[in-house]
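# Analysis of the macromolecular model
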Amino acid sequence: MFVMNEQNPPVEGTFQVALSSRNLSNKIVVMEAPETVRVKVRGLRNAIAGATGRDFHATVDLKGLKPGQYDLPVSVTLPPGYELVEVTPGKVSVSLESVQSRQFTIEPRLTGSLAGQMVLGKVEVKPAVTTITGPQSALDAITKVFAPLEVRTNTPTFSLNTKLVLQGPDGNELKSLTMEPSQVNVSGTLDSGTISRTIDVKTILSGNLPDGVLLRKVFTEPVKVEIKGPKDIIDK
């Protein structure tokens with residue numbers, strides 16, 4: 001009920017109001033729902049002129065609902081001095097999914113240029129598994145969980161912490177999921193890789209000379225050669 005006042009008469013106004021949910025179970029997540037609804041209210045002209053969509057609250061009640069698709073009525077809460085005329089739409093389509101947890105093996109993904117002939121040796125991720133929690137459809141979309149790390153060190157070993165990245169089917173990064181842990185340690189070794197070394201050529205004779213033949217001197221050409229290969233083999 002409004003008291004008539006020629007200078008401040010009752011008028012109507014329409015506002016875009018954010019739509020929220022209530023009584024949502026912690027085992028359920030809203031996957032699809034409108035972000036806003038249109039709310040038409042009546043109030044004194046000064047009140048309508050100074051109002052914004054944040055002054056009103058539009059909600060859907062999810063109490064007791066299981067995963068699925070629902071058409072739910074929209075409830076609107078108004079502050080004193082306003083009267084609800086219309087809410088559009090009066091019902092909204094809401095999609096609910098269950099929240100699940102799943103374990104994924106973590107893959108190291110190393111980048112960076114190694115110095116000289118250095119090559120990457122053994123790499124270890126600790127812990128090797130992470131638990132990811134979120135909607136089932138989001139978990140199904142995960143193709144890889146990797147630990148990115150740029151190696152810049154020249155030392156024989158490295159050990160660094162890095163945040164995990166979730167990869168989707170198109171190679172895009174997936175977000176808005178909970179990971180435990182979300183950060184891991186990546187450690188490894190750097191080997192010297194291929195090396196070269198110059199060594200003397202030694203002549204090894206075998207067999208028996210014919211009767212009456214005497215070997216007096218042996219010449220070898222070249223007297224030195226350069227060999228290349230893995231360090232662990234060259235060292236032998």
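This is a predicted model, so every value here is computed, not measured.

## Structural notes on the overall build of the chain
Scanning the chain from N- to C-terminus turns up three helices and 18 strands. Across the 236 residues of the chain, 27% fall into the buried class. In the structure as shown, the chain presents an accessible area of about 16,000 Å², 50% of it carried by carbon and sulfur atoms.

## Considerations on the side chain of S187
Inspection of the secondary structure assignment puts S187 in strand β16 (residues 183–191). Leave out the neighbours within four places in its chain, and S187 touches K122, V123, E124, F158 and S159.

## A word on a nonpolar patch on the surface
Residues I199, V201 and V225 make up a contiguous nonpolar surface patch of about 180 Å² in total accessible area. Residue class for V225 comes out partly exposed when judged on its relative accessible area of 32%.

## Digging into the packing of aromatic side chains
Evaluation of the coordinates by the stated rule reveals two aromatic pairs. Each ring, one from F15 and one from F56, has its centre 5.1 Å from the other, and the planes form 50°; the classification is tilted. Of this pair, F15 sits in strand β1 (residues 10–22) while F56 is found in the loop between α1 (45–49) and β4 (57–61), placing the two residues 41 residues apart along the sequence. Of the two residues, F15 and F56, neither departs from the other in class, the shared state being buried. Between the aromatic rings of F56 and Y82, the centroid separation amounts to 5.2 Å while the plane-to-plane angle is 90°, which identifies the pairing as edge-to-face.

## Observations regarding the nonpolar core
Ranked by internal contacts, the top residues of the largest apolar core, which has 21 residues, are V37 and V74. Listed by contribution, the elements that provide at least two residues to this core are β1, β3 (36–44), β4, β7 (82–88) and β8 (91–111). Aside from chain neighbours lying at most four places away, what touches V74 is L19, V37, A58, T59, V60, V87, P89, G90 and V92. I142, L166, M179 and V184 belong to the second-largest nonpolar core, a separate cluster that totals 19 residues.

## A closer look at the sheet that holds strand β12 (residues 157–163)
Pairing within the open sheet is antiparallel, and its three strands lie in the order β9-β16-β12. Unpaired on one side and paired on the other, β9 (119–126) and β12 mark the two borders of the sheet. Neighbour to neighbour, the strand axes of the sheet diverge by 25° on average, direction disregarded. Sheet topology places β12 next to β16; seven bridges connect them, and they run antiparallel. Along β16, the bridge assignment pairs S159 with S187.

## Structural notes on the side chain of N8
With respect to the helices, strands and loops of the structure, N8 is situated in the segment before β1. Within polar-contact distance, the side chain of N8 engages the backbone nitrogen of R45 at 3.2 Å. Side-chain polar atoms of N8 contact the backbone nitrogen of N46, separated by 2.8 Å. Discounting chain neighbours no more than four positions away, the residues touching N8 are L44, R45 and N46.

## Quick notes on the pairing of strand β11 (residues 144–150)
Sheet analysis places β8 next to β11, joined by six bridges and oriented parallel. Considered in β11, the bridge of L110 is made with L149. Where β11 and strand β13 (residues 165–167) come together, three bridges link them in antiparallel fashion. Note that in β13 the partner of F146 across the bridge is V165.

About the cut-offs
- Residues numbered from 1 in each chain as written.
- Predicted model: local features only at pLDDT ≥ 70, side-chain atom pairs only at ≥ 80, totals over all residues.
- Heavy atoms only, no water.
- Helix = DSSP H or I, 4+ residues; strand = E, 2+ residues; numbered from the N terminus.
- Buried < 20%, exposed > 50% of the residue type's maximum accessible area, 1.4 Å probe, protein only.
- Areas by Shrake-Rupley, 256 points an atom, 1.4 Å probe, with all protein chains shown as cover.
- Contact = heavy atoms within 4.5 Å.
- Patch = residues over 30% accessible without salt bridge, like charges linked within 9 Å, V, L, I, M, F, W, Y side chains within 5 Å.
- Salt bridge = Lys/Arg side-chain N within 4 Å of Asp/Glu carboxyl O.
- Phe/Tyr/Trp six-rings, centres within 6.5 Å; stacked < 30°, edge-to-face > 60°.
- Core = buried A, V, L, I, M, F, W, Y, C linked by side-chain atoms within 4.5 Å.
- Pairing = 2+ DSSP bridges.
- Axes fitted to C-alpha atoms, helices over the stretch in contact; angles between N-to-C directions.
- Polar contact = N/O pair within 3.5 Å; in protein donor to acceptor, adjacent residues only side chain to side chain.

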